[in-house]
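# A structural walkthrough
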Amino acid sequence: MQVVVNSPNVEYTNKYIISKYDYQYVEAQKEESSIAVNTLTEKLMFRTQRKVPKLGVMLVGWGGNNGASFTAALIANKLKLSWTTRKGNQDANWFGSVTQASTVRIADEVHVPMSHLLPIVDPNNLIIDGWDISALDLAAALKRSEVFPPDLVEVLKPHMEKRKPRAAIFNQDYVAENQKSRADNVLNGSKLDQVKTIMDDIEEFRNQWKLDEVIVLWTATTERFTSIVEGINDTAENLSKAIKSNYKDISPSTLYAYAAISKGCTYINGSPQNTFVPGLIELAEEKKVFIAGDDFKSGQTKLKSVLVDFLVSAGIKPVSIVSYNHLGNNDGRNLSAPEQFRSKEISKSNVVDDMVASNSILYKPGEKPDHVVVIKYVPYVGDSKRAMDEYISEIMMGGHNTLVIHNTCEDSLLAAPLILDLVLLAELFSRIEVKKLESEDAEYTKLHPVLSVLSYLCKAPLVPKGTPIVNSLFRQRACIENILRACTGLPPETNMTLEHKVP
Ligand code: NAI
């Protein structure tokens, strides 16, 4: 059920939904004893292509816990499967997906699924493929993950056992030593040969299913960080030369992303490593291909970006945030190595910065709460990750408030809906164009290639150079919702509800 807006500012043509929009924003300059503020209005025209493409997604790390869980969920939802649990029958669903399981308020008591605001790909029509260094077929990978109950795994087996990951780019130097035993499905040859194979794989997948668009998403093992080296990965040209010369220190994830961007495919990074070296970002900008990342924001960090926002915006001062995790899946095993843990630690640790910086009453310039992140590998708990957090805050007159949170759930069941949202929203935002109306010859352009609008789904959001990072979950969600509303011709959700307050 698509939302149809009756307004002189909206036009529905066969091809587009066109919406005229006054974007009001503020510029401010701090002066000695005052703040000079200018309110500005930018007259914009949004245009959203109505035809939804036939979309394919290729997962790097397809046979991992997230990849197998996502594939299983896709099939189970498409086939409307249900299975027995100790509590009775369980139907397939997409709980945890903002596009499939959350709503947007249109008017009092009228809420619609977010997916009804603009035409968006139906998950049941999504085609999936991918790569993995482990050759296990997807049915066996699902069993290995120990995420779903055995009954469901059996029902899914005939739908998954014929799906086999393509051979992958692998470099032992980037992941923990303990991952070596998985690597029985890897590409040989130079870096350039490997990039070419990935590009051929994308092309073959596109042709096989007659796809209009392919998105490539990394949900593979967390890599260590790559050094940024002048002359190697600092510009698009240097990165290209480095690949051709088989330079040793280029991560597999950067090679996949390079191949995807070269084929014009959106590339999304669900892990913390710095795949997007400056040369790769430049390449995406030059080719006007979308990129997004980094690191799925699924559990502990998601809660942190809500809780710290709540505390700081309530005038309460978090002074110590300590986060312990233990998990027993293969991700946890990999993260038990110091360099891979370091990637995760970095991605988890900047999440409160913007909220802290926003309140100069609580924090002096440069002051931050103590913030520590610990991750331990405990095989017994498997995919059922434990996240334990202690938040100490200063309250009025030197008092203290301590919050302790214990969070337990299957990690992959949090991540799989995020994979779906990232893919569907990245595709939708790639169909949105915008034009500034101030000059007559202005032309429609796509959004910036660095899709920061997907920050809601990412722990360490990648944003265009020089632009602010927003971590607050509700601000991130409001950003998605309000852009979709603008394209539909609806006003932003201000929550003023003046219609009930002004007599
Ligand atoms: P996993 O270890 O079960 O799966 C990763 C898969 O990637 C494995 O099957 C492995 O064989 C494969 N792989 C490794 N290197 C590869 C390469 N170069 N090319 C192709 N495949 C390769 O891990 P899981 O639990 O599925 O997580 C995947 C990633 O998502 C990890 O980096 C994790 O840190 C990240 N992540 C997961 C979250 C969650 O589960 N809630 C949240 C945030 C991030």
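Note: the structure precedes this text.
Procedures and definitions
Residues numbered from 1 in each chain as written. Predicted model: local features only at pLDDT ≥ 70, side-chain atom pairs only at ≥ 80, totals over all residues. Heavy atoms only, no water. Helix = DSSP H or I, 4+ residues; strand = E, 2+ residues; numbered from the N terminus. Buried < 20%, exposed > 50% of the residue type's maximum accessible area, 1.4 Å probe, protein only. 1 Å grid on protein atoms, 1.4 Å probe; cavity = no way out; pocket = protein on both sides within 12 Å on 5 of 7 lines; lining within 4 Å. Points joined across faces, edges and corners; volume = space filled by probe spheres on them. Nonpolar A, V, L, I, M, F, W, Y, C, P; charged D, E, K, R; others polar. Expected span 1.5 Å × (residues − 1). Salt bridge = Lys/Arg side-chain N within 4 Å of Asp/Glu carboxyl O.

### Some words on unusual backbone geometry
- Omega for the peptide link from G293 to D294 comes to -5 degrees, which places this bond in the cis form.
- Looking at where D294 falls in the secondary structure, it is placed in the loop between strand 12 (291-292) and helix 9 (300-313).
- In this structure, N246 takes a positive phi of about 60 degrees despite not being glycine.
- For N246, the position within the fold is in the loop between helix 6 (236-244) and helix 7 (252-262).
- For N246, a relative accessible area of 36% gives the class partly exposed.

### Considerations on the layout of surface pockets
- By volume, the largest pocket amounts to about 1500 Å³.
- It is helix 14 (residues 473-488) that contributes the most residues to the lining of the largest pocket, seven residues altogether.
- Per-class residue counts for the lining of the largest pocket are 20 nonpolar, eight polar and six charged.

### Description of empty space enclosed by the protein
- Tallying each qualifying case throughout the model produces four cavities of 30 Å³ or more.
- Estimates place the volume of the largest cavity at around 640 Å³.
- Here the lining of the largest cavity gets three residues from one element, more than from any other, and that element is helix 13 (residues 411-430).
- For the lining of the largest cavity, the class distribution of residues is 14 nonpolar, 18 polar and eleven charged.
- What the second largest cavity holds in volume is close to 50 Å³.
- At the level of secondary structure, the elements contributing two or more residues to the lining of the second largest cavity comprise strand 15 (384-394), strand 16 (400-410) and helix 13.

### Notes on helix 1 (residues 65-78)
- The terminal C-alpha atoms of helix 1 lie 20 Å apart, and with 14 residues this matches the ideal 20 Å at 1.5 Å per residue to within 8%.
- Summarising burial for helix 1: 13 of the 14 residues are buried, a large majority.
- Two residues or fewer past helix 1, K80 is found with a positive phi of approximately 50 degrees.

### Comments concerning the pattern of salt bridges
- A full pass over the atoms with the stated rule returns 21 salt bridges.
- Across the pair D201 and R166 runs a salt bridge whose closest N-O atoms are separated by 3.5 Å. Residue D201 is found in helix 5 (residues 191-209), and its partner R166 is found in the loop between helix 4 (150-160) and helix 5; the two are separated by 35 residues along the sequence. As far as the burial class goes, D201 and R166 line up, both buried.
- The residue R485 makes a salt bridge to E481 at a minimum N-O spacing of 3.4 Å. One end of the pair, R485, and the other, E481, are both in helix 14, four residues apart, so they sit about a helical turn from each other. As far as burial versus exposure is concerned, R485 and E481 are alike and both buried.

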